[in-house]
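Results of the structural survey
Listed here are the chains, written in short residue letters.
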Amino acid sequence: MPNSLLFRGQEITKSIFDETRGEEMKKIMSLLIFCIFILYPFLISQLNSENTPSISWQQPKELVNSDGEDGLSRMLKLDNGEIWLVWMSNREGNNEIYLKKQLNDGKWTDTVNLTNNPSDDRMPFLFQDNSDCVWLLWTTNRKGNFDIYYQIYSKGKWSTPKPLTYSHHWDEYATGCSTNSGQIWITWNSYQCGNDDIYYVYGDEKSLKGPVRVTKDKAEDRFPFVFQSNDGKIWIFWSSDRDGNWEIYFKRYSPPRSLETKEPVRFTFDTSIDSTPYVIQTEDNRLWVFWTSNRDGGSIYYKYSDDGEHWSTPEKLGNIRGYILPSAVETENREIFLASTRKSGNHYSVYTICSEFKEKRATLLISSSPSASVYINNNYKGETPLDLELESGKYTVRIEKENYEPYTETIELHSGESKNLSVDLTRITPPPTASTSTAPTYAPPTTAVKSTTLPPTTTSPQTTMQSTSVPTQSRSLLYLGIPIIVICIFGIYLMTKRRSEKEHIKKIKKEKLPEDKLKKSKEISPELQELLQKKEEWKKKLEELKGEKDNLLSKGIMTKEEYQKKYEEIIDKLVDIEDKIIKEKMKRGKKK
């Protein structure tokens, strides 16, 4: 736990004790806090252990190495199974974009120079649209200012490079995707309003609309990544220093462009620098977010989620250190295949990192008469007949259709096994209605009736079914248990607080503090006054630096890297002063 967070936690605890004043309250609160620290990690570990993927990583392999600097690589898996890799290299004297392809036989082709221009071409990105055309995005200063350019690979050849942005400010780090409806989304960060913000355009090649501004914060927002998940949601991840250090954030949209998260959602929580997110979704519908972090000497970290709402804790890419700027695809063998940059000798090279081959999946063939909806562990999988590949384990299979009795069975699958499940559903016969009665006594069947429209993927209307899905039950108990613990703690706190306040009021009536003692308690120590003054001075320096950023960069007084280093030095100084202020306040509180 960072020292600053520890000091703040101690200060909050002390303020509660000072407010209640009761010895009994101190004992109860101490016991409750102890229980929270004991139980909370256990609950979280249980929550995150459900459906944890058993994945390990092979040692990195150097794929690209030249006499120049090779890096900023990006991968794309095409619909035909080929994997394309693009990266930036200055092997010819200036930065150019290069391409390699891994064909279906696993072999890599020779390197091809995609851009041949005396300008600075860098930060490439690839994506494939619904017409099987491959888009290449990159940053270039061909017109004297950094803009986003693109060209399209179709029918065996590349189109002429075209500019996507025309601003007089730096536009860089573009990413793109094609949605299920055929729309193109392209994001990038642009220095248009005195700091970097995230923008996007949407539409098709002939009528791209925008740009639309995603972020409107005084902080720096950079390294965006746009992605559409299988449920149709469009995600934009990026890195920002809005909370004092670089963290990953995201916004999510429902098609076509309905914003679900009006405010940015914070994705990482660490005092280190987290940046350059990259997102994929594997065949089992699991979302994976990879990013660069300096929390362990420069490493790649990742989180995963099965529903897009509940994410695992951050995990490091094995014991691999020093690798940055990840991109990833899933191979035909269900391996996760990454490309990354790492310093090799005196220059940077491109490496590939592959997950260990997972165990062979089992096959479950499901058919029914008539065709019906299939749920596996309460998750909708489609309409019968279905051919599913699943990992070994126990599964609750539910088959249901409107006006038919639902069918439920628990099946255990083993690695490499193939099982058939064929079901004849029983039609529900409605009870006869009385034709001579003016007040019908018809009662609906006890089995719930479900619409034949696309079912939700969360809960089942069948109330009498008992699911043997342990992870679902465990998750429900955990979500129920945590708020109950919090409510109980808060209730005990209020009851004991009232009792202690009454005792405190009686004590005050008996003995009042002299006015000079009260005044003395409000005084600020010289040490604290000096720290507060230093804090204001450094805050002023930070504001001056941010205000002069445009001038410093445009006139070449500072490079972007020098500016960023200076910026981080000031932030570190402010954090250090803030920790000293907290310590001084606590120290003074103890003396009183």
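So, here is what we can say about the structure in this document. (Residues numbered from 1 in each chain as written. Predicted model: local features only at pLDDT ≥ 70, side-chain atom pairs only at ≥ 80, totals over all residues. Heavy atoms only, no water.)

Here we look at the pairing of strand S20 (residues 274-281)
The buried fraction of S20 amounts to eight of the eight residues, a majority that puts the element mostly inside the structure. Relative to strand S21 (residues 287-293), S20 runs antiparallel, the two sharing six bridges. From the neighbouring strand, Ser275 faces S21, where its bridge partner is Thr292. Linking S20 to S21, which pair antiparallel, is a turn of five residues; within it Asn285 sits at a positive phi near 70 degrees. (Buried < 20%, exposed > 50% of the residue type's maximum accessible area, 1.4 Å probe, protein only. Helix = DSSP H or I, 4+ residues; strand = E, 2+ residues; numbered from the N terminus. Pairing = 2+ DSSP bridges.)

Let's talk about the pattern of salt bridges
Summed over the entire model, instances satisfying the criterion amount to 27 salt bridges. Note that Lys419 and Glu417 form a salt bridge whose closest N and O atoms lie 4.0 Å from each other. A residue is classified by how much of its surface remains accessible, and Lys419, at 28% relative accessible area, is partly exposed. A network of salt bridges, in which partner residues are shared, links Glu172, Asp196, Glu220, Arg222, Lys549 and Lys560. (Salt bridge = Lys/Arg side-chain N within 4 Å of Asp/Glu carboxyl O.)

Thoughts on the sheet that holds strand S26 (residues 347-354)
Ordered in space as S1-S26-S25-S24, the four strands form an open sheet in which the pairing is antiparallel. Pairing within the sheet leaves two strands with one partner each, and these edge strands are strand S1 (61-64) and strand S24 (324-330). Each strand of the sheet is rotated relative to its neighbour by a mean of 35 degrees, with strand direction disregarded. (Axes fitted to C-alpha atoms, helices over the stretch in contact; angles between N-to-C directions.)

A closer look at the pairing of strand S25 (residues 336-344)
Along any regular strand the residues' side chains alternate between the sheet's two faces. Across the nine residues that make up S25, a large majority, seven, are buried. Two elements, S24 and S25, share five bridges in a ladder whose sense is antiparallel. If you follow Ala328 over to S25, its bridge partner there is Leu338. Connecting S24 to the antiparallel partner S25 that follows it, the hairpin turn spans five residues, and Arg334 within it adopts a positive phi of roughly 65 degrees. Bridge count between S25 and S26: eight bridges; the pairing is antiparallel. What sits directly across from Arg342, in S26, is Ser349. What sits between the antiparallel neighbours S25 and S26 is a turn of two residues, in which Gly345 has the positive phi angle 70 degrees.

The values reported here are purely geometric and, on their own, carry no functional implication.
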